[in-house]
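# Overview (structure and organization)
Each chain, written out:
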Amino acid sequence: ARAVEEQLDARTLIKRYEWFKNASAQLDKKKADMVVYEKRFALLKEAYAGKPRAEWAREDREQFNLWSTEVAGIEASYNTLAAEYNAAMAKINYRWTNYGAMPDGSTNPLPKEFKPYSLGL
């Protein structure tokens with residue numbers, strides 16, 4: 001009975017909700033960052049349309065490689081946090097997030113799951 005009381009305590013529930021809310025915002029930000037990189041890659045590829053990378057300016061090849069490394073880090077970070085979010089959402093003691101009234105001031109329900117993300121470079 002004490003464990004149930006602790007799990008359903010209002011402070012505990014708000015703390016959990018805040019974690020999900022913060023994780024969701026971080027995932028949205030990481031996804032937005034990857035969209036920015038997608039646009040950068042597209043512009044660079046468009047500038048060299050039809051040319052193999054070996055014929056690109058050295059600075060552009062280096063920049064492409066640097067961006068690719070940065071994107072790999074963002075993707076890994078996104079996928080790690082998404083897996084953590086998904087695992088936490090699936091736990092029985094977090095199922096409260098799947099139903100019931102939303103906290104005051106909230107307008108959108110939290111996503112139930114985040115899918116892995118990859119630019120596929």
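Residues numbered from 1 in each chain as written. Predicted model: local features only at pLDDT ≥ 70, side-chain atom pairs only at ≥ 80, totals over all residues. Heavy atoms only, no water.

Let's shift gears to the environment of K21. Of note, K21 is situated in helix α2 (residues 10–47). Judged by its relative accessible area of 37%, K21 is partly exposed. (Helix = DSSP H or I, 4+ residues; strand = E, 2+ residues; numbered from the N terminus. Buried < 20%, exposed > 50% of the residue type's maximum accessible area, 1.4 Å probe, protein only.)

Scanning the entire structure with this criterion turns up two salt bridges. The salt bridge partner of D33 is K29, with a shortest N-O separation of 2.5 Å. Of this pair, D33 and K29 both sit in helix α2, four residues apart, which is roughly one turn of the helix. Judged by relative accessible area, D33 falls into the partly exposed class, the value being 23%. (Salt bridge = Lys/Arg side-chain N within 4 Å of Asp/Glu carboxyl O.)

Below, the discussion takes up the packing of α2 against helix α3 (residues 58–90). Contact geometry for α2 and α3: axes closest at 9 Å, N-to-C directions at 155°. On the basis of the axis angle, α2 is roughly antiparallel to α3. When the axes of α2 and α3 are compared, the crossing they make is left-handed. (Axes fitted to C-alpha atoms, helices over the stretch in contact; angles between N-to-C directions. Parallel < 35°, antiparallel > 145°, perpendicular 65-115°, else oblique. Left-handed = near helix turned anticlockwise from the far one by under 90°.)

Let us look at the confidence of the model for the protein. In the predicted model, the protein carries a mean pLDDT of 83, and 75% of its residues have values of at least 70. Ranking the helices and strands of the protein by mean pLDDT puts α3 first, with 93, and helix α1 (residues 2–7) last, with 64. (pLDDT = per-residue confidence, 0-100.)

Before going further, it helps to spend a moment on the nonpolar core. Within the largest apolar cluster, 22 residues are counted, with the highest numbers of intra-cluster contacts made by L27 and Y85. Of all the secondary structure elements, the ones that give two or more residues to this core are α2 and α3. (Core = buried A, V, L, I, M, F, W, Y, C linked by side-chain atoms within 4.5 Å.)

This part takes up α3. For α3, built from 33 residues, the straight-helix expectation of 48 Å at 1.5 Å per residue is met to within 8% by its first-to-last C-alpha distance of 48 Å. Residues F64, W67, V71, I74, E75, Y78, L81, A82, Y85, A88 and M89 constitute the buried set of α3. Its buried side turned inward, α3 meets α2. (Expected span 1.5 Å × (residues − 1). Contact = heavy atoms within 4.5 Å.)

Bringing the environment of Y48 into the picture now. Note that Y48 resides in the loop between α2 and α3. The exposure class assigned to Y48 is buried, which follows from its relative accessible area of 14%. For the pair Y48 and D60, spaced twelve residues apart in the sequence, the C-alpha separation amounts to 9.8 Å. When near neighbours in sequence (up to four residues on either side) are disregarded, Y48 contacts W56, A57 and D60. In terms of polar contacts, Y48 uses its side chain to reach the side chain of D60, at 2.4 Å. (Polar contact = N/O pair within 3.5 Å; in protein donor to acceptor, adjacent residues only side chain to side chain.)

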